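Here is how the chains run, residue by residue.
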Amino acid sequence: MVFTKSDIVYYDGIRIALGAAAASVVIFPFFEGIYKNNPNLAVNLLAIINSTYVFVIVDYFGGPTTNYVFLIYIVLIIGYFISQFIGFALTGISIIYVIASYFWQEKIGITPYFISLNSVIFISAISWLIEKEYTKTIAEKSELEKTNSALTSNQSKEEALLSSIADGVYVVDMNRNVTMFNTAAEEMTGWTAKEAQGLKCWTVMNLKNDQDVSICQKDCPALAVWNTGTNVIRDDSCFVKHKGKKSVQISSSYAPIHDSKGSLTGAICVFRDITAQKELERQRNEFVSTASHELRTPITAMEGYMELIENEKICKIDDKAKEYIGKARNTAQGMSNLVKNLLSVTKIEEGRIQTNVTKFSIHDLAVEAIEGMKAAAENKGLTIKIVEAPNQPVKGEKAIGRSLNVMADREQIKEVLFNLIENALKFTQEGGISIWITYDTDFATVCVADTGSGIPADGQKHLFEKFYRVDNSATREVGGTGLGLFITRAIVELFGGKIWIESQVGKGTKFFFTIPRTLD
Amino acid sequence: MDCGIEENKMAKILLVEDDMALRDIYSARFMAEGYEVVTASDGEMALTVAVKEKPDLIVLDVMMPKISGFDVLDILRATPETKETKIIMMTALSQPADVEKGKSLGADEYLVKSQVTLTDVVDKVKKVLAS
């Protein structure tokens, strides 16, 4: 079938082009639908449709004059299956072939072939572009979905982590508004995360100490963190008020938050309910206290019987028995001291020390203490005396012209002096002990110095710990409970003083402690 | 054992103490000093023995079962036979409040066991009996 120019109706061309466009519009939704589930299938179907269309159009208008026209069709399909580009290229080649074969046969201008081939090119190009765009959009969408789901899964992981840990976690911004509040925090405070969001941290957390005084006002840990630039830990006497129930004692740790550029953006707090832990400590302390009380009776009885044995009016014993009973009594005395110290320690741990604070002269007390220890010192051939301070004894404005009295429990400070002097005597073999007192505006500083063996630096760190004893062979015979310095420090600090040591091996030891002076 | 000639040494002491070992020890010590010692192991017995034996001095423990030393002190001071008897209170407790209570109820002396030795107690006994 061959058309001549006269048979061409211009509108046929428009109709073909429009038909092709319409067909594309119809095909597209199907294409999209299939593409969602199976992109490959969709592309391949498109290839078949393209090829069919090419073939139909070309054939409708006479087609290339060859018996092997079906081969062209198959080649096109295969080409499209392999790749869009190859398919498109092959379409181009077959179009050129058709045109060329036509031109070999007859010279015409615009022909149905031309129009149909153009439509085919047009359709192919459009479908290729559509597919390219579509693929790009699908790819972008799936990338976005992947990133989103990665983000959501990360976020959910983060949220899951935060909501499942038992510690409370909250974050505040630089205005101390709460920006994050985890599940455990909700449980411990009675505030929900929604409620807490945006509120000031002191409204939600409302920290108080054991005297029920607000910590948030005077001692805000977030401010401390930002001012010092380091982590802050509050692990004692910090209570958070539960909205509906009673306060919970917590141990908390605060850290600053920086952004990627290093500037401060807020603070994060992790806190833990330590009520159970504190209760256990209290029970342990009570146990030690009860056990110590129980020990006192048999120890007293033991000491009593031994004293009876040593009493010549009651018992007749030989010298050997006397010697051994004497040693047994000393041991019992040591036990008795240990029990007494244990009881003091339990009282310290519970904050139950009773005091009778008065104004007194620390100088006179020191004189008394020395009198009491004189005998023990002389037994060992050591001297003990009060001396003038090596440097200026009274310094600081308002320090002079005022009484040199101090405010504390006189008996307990006497205990402190006894303990320090006893220690000094234990560790000094020759020379003696000197005591001097200096005064500044607020405190009196007492120094107990000895000419003993000195304490090595690593031992000094642990000196005030319970049951610590400086480890060297000389001290093993020296005895002592290991609790003396712990109790001494507790007493000094109870009255607002400090205690510290200066010591070098072979050069002796100096213990210093301060007591607040009275205002008048 | 010598029975001293001085009046002091012939004195009779009533020791009220629920702990057996302490009762043993204090009795032995007091007897070594020449005193006559009678004992009671609780408050009720103490009241009976006090009226019957009419001691010169009562050494009275505070912490006892059934009725406490303070109650015994109170009753002793209310009973005509024992109103004037010298009484030394002994306790393991060292609260200032308890010392006050003892003094206010009429004890002549108040001793804290953990702060005094056996010799200190004997010295106090001698001092109270001499006064």
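Residues numbered from 1 in each chain as written. Chains lettered and ligands numbered in written order. Predicted model: local features only at pLDDT ≥ 70, side-chain atom pairs only at ≥ 80, totals over all residues. Heavy atoms only, no water.

1. Points about the overall build of chain A
Here's step 1: When you go through chain A residue by residue, the secondary structure sums to 17 helices and 14 strands.
Here's step 2: By sequence separation, contacts in chain A at least 24 residues apart represent 63% of the contacts at least 6 residues apart.
Here's step 3: Summed over all atoms, the accessible surface of chain A reaches about 30,200 Å², with 59% contributed by carbon and sulfur. (Helix = DSSP H or I, 4+ residues; strand = E, 2+ residues; numbered from the N terminus. Contact = heavy atoms within 4.5 Å. Areas by Shrake-Rupley, 256 points an atom, 1.4 Å probe, with all protein chains shown as cover.)

2. Quick look at the side chain of Asp450(A)
Residue and element names in this part refer to chain A.
Here's step 1: You can see Asp450 is positioned in strand 12 (residues 443-450).
Here's step 2: Within the structure, the side chain of Asp450 is placed 2.8 Å from the backbone nitrogen of Gly452, a separation counted as a polar contact.
Here's step 3: Discounting residues that sit within four places of it in the chain, Asp450 has contacts with Ala424, Thr428, Gly432, Ile433, Gly508 and Thr509. (Polar contact = N/O pair within 3.5 Å; in protein donor to acceptor, adjacent residues only side chain to side chain.)

3. Quick word on the packing of aromatic side chains
Here's step 1: Per the counting criterion, the structure on display carries 5 aromatic pairs over all chains.
Here's step 2: With centroids separated by 6.1 Å and ring planes inclined at 15 degrees, the aromatic side chains of Tyr26(B) and Phe30(B) adopt a geometry described as stacked. A residue pair is termed a helical-turn pair when its members lie 3 or 4 positions apart in one helix, as Tyr26(B) and Phe30(B) do in helix 1 (residues 20-32) at 4 residues.
Here's step 3: Here a set of aromatic residues connected by ring pairs shows up, and it is made of Tyr170(A), Phe181(A) and Phe271(A). (Phe/Tyr/Trp six-rings, centres within 6.5 Å; stacked < 30°, edge-to-face > 60°.)

4. Focus: the pairing of strand 11 (residues 432-439) of chain A
Residue and element names in this part refer to chain A.
Here's step 1: By the criterion of burial, strand 11 is predominantly enclosed, with 7 of the 8 residues buried.
Here's step 2: Inspection of the sheet shows strand 9 (residues 383-386) paired to strand 11 by 4 bridges, in the parallel sense. Looking at the pairing, Ile386 lines up with Ile435 of strand 11.
Here's step 3: Summarising the sheet, strand 11 and strand 12 pair through 7 bridges and their orientation is antiparallel. If you follow Tyr439 over to strand 12, its bridge partner there is Ala444.
Here's step 4: From the end of strand 11 to the start of strand 12, which pair antiparallel, there are 3 residues. (Buried < 20%, exposed > 50% of the residue type's maximum accessible area, 1.4 Å probe, protein only. Pairing = 2+ DSSP bridges.)

5. Structural notes on the environment of Glu430(A)
Residue and element names in this part refer to chain A.
Here's step 1: Tracing the chain through its elements places Glu430 in the loop between helix 14 (410-426) and strand 11.
Here's step 2: The spacing of Glu430 and Gly452 is 22 residues in sequence and 7.2 Å in space, taken between C-alpha atoms.
Here's step 3: Beyond its immediate stretch of four places on either side in the chain, Glu430 contacts Leu382 and Thr451.

6. Regarding the confidence of the model for chain A
Residue and element names in this part refer to chain A.
Here's step 1: Scored by pLDDT, chain A comes out at a mean of 80, with 73% of its residues at no less than 70.
Here's step 2: By mean pLDDT, the top-scoring element of chain A is strand 14 (residues 508-516) (94), and the lowest-scoring one is helix 16 (residues 473-476) (52).
Here's step 3: For residues 3-10, every residue scores under 50 in pLDDT, and the model assigns this stretch 5 contacts once sequence neighbours within four places are set aside. (pLDDT = per-residue confidence, 0-100.)

7. Digging into helix 17 (residues 484-494) of chain A
Residues and elements named next belong to chain A.
Here's step 1: In terms of burial, helix 17 is a largely internal element, 8 of the 11 residues being buried.
Here's step 2: The set of residues buried in helix 17 consists of Gly484, Leu485, Phe486, Ile487, Thr488, Ala490, Ile491 and Val492.
Here's step 3: The inward-facing, buried residues of helix 17 contact helix 12 (319-349), helix 14, strand 13 (499-504) and strand 14.
Here's step 4: At the C-terminal side of helix 17, Gly496 shows a positive phi close to 90 degrees.

8. Comments concerning the pattern of salt bridges
Here's step 1: Scanning all chains against the criterion turns up 25 salt bridges over all chains.
Here's step 2: In this structure, Glu307(A) and Arg329(A) form a salt bridge, with 3.6 Å as the shortest nitrogen-oxygen distance. A residue pair is termed long-range when its members are at least 10 positions apart, and Glu307(A) in helix 11 (residues 275-310) and Arg329(A) in helix 12 qualify at 22 residues.
Here's step 3: Note on Arg329(A): relative accessible area 28%, which makes it partly exposed.
Here's step 4: The salt bridge involving Arg77(B) is made with Asp108(B); its shortest N-O contact spans 3.2 Å. Note that Arg77(B) is positioned in helix 3 (residues 69-78) and Asp108(B) in the loop between helix 4 (96-105) and strand 5 (109-112), a separation of 31 residues in sequence.
Here's step 5: For Arg77(B), a relative accessible area of 18% gives the class buried.
Here's step 6: With a relative accessible area of 34%, Asp108(B) lands in the partly exposed category.
Here's step 7: Taken together, the shared-partner salt bridges in this structure form one network comprising Lys313(A), Arg29(B), Glu33(B) and Lys126(B). (Salt bridge = Lys/Arg side-chain N within 4 Å of Asp/Glu carboxyl O.)

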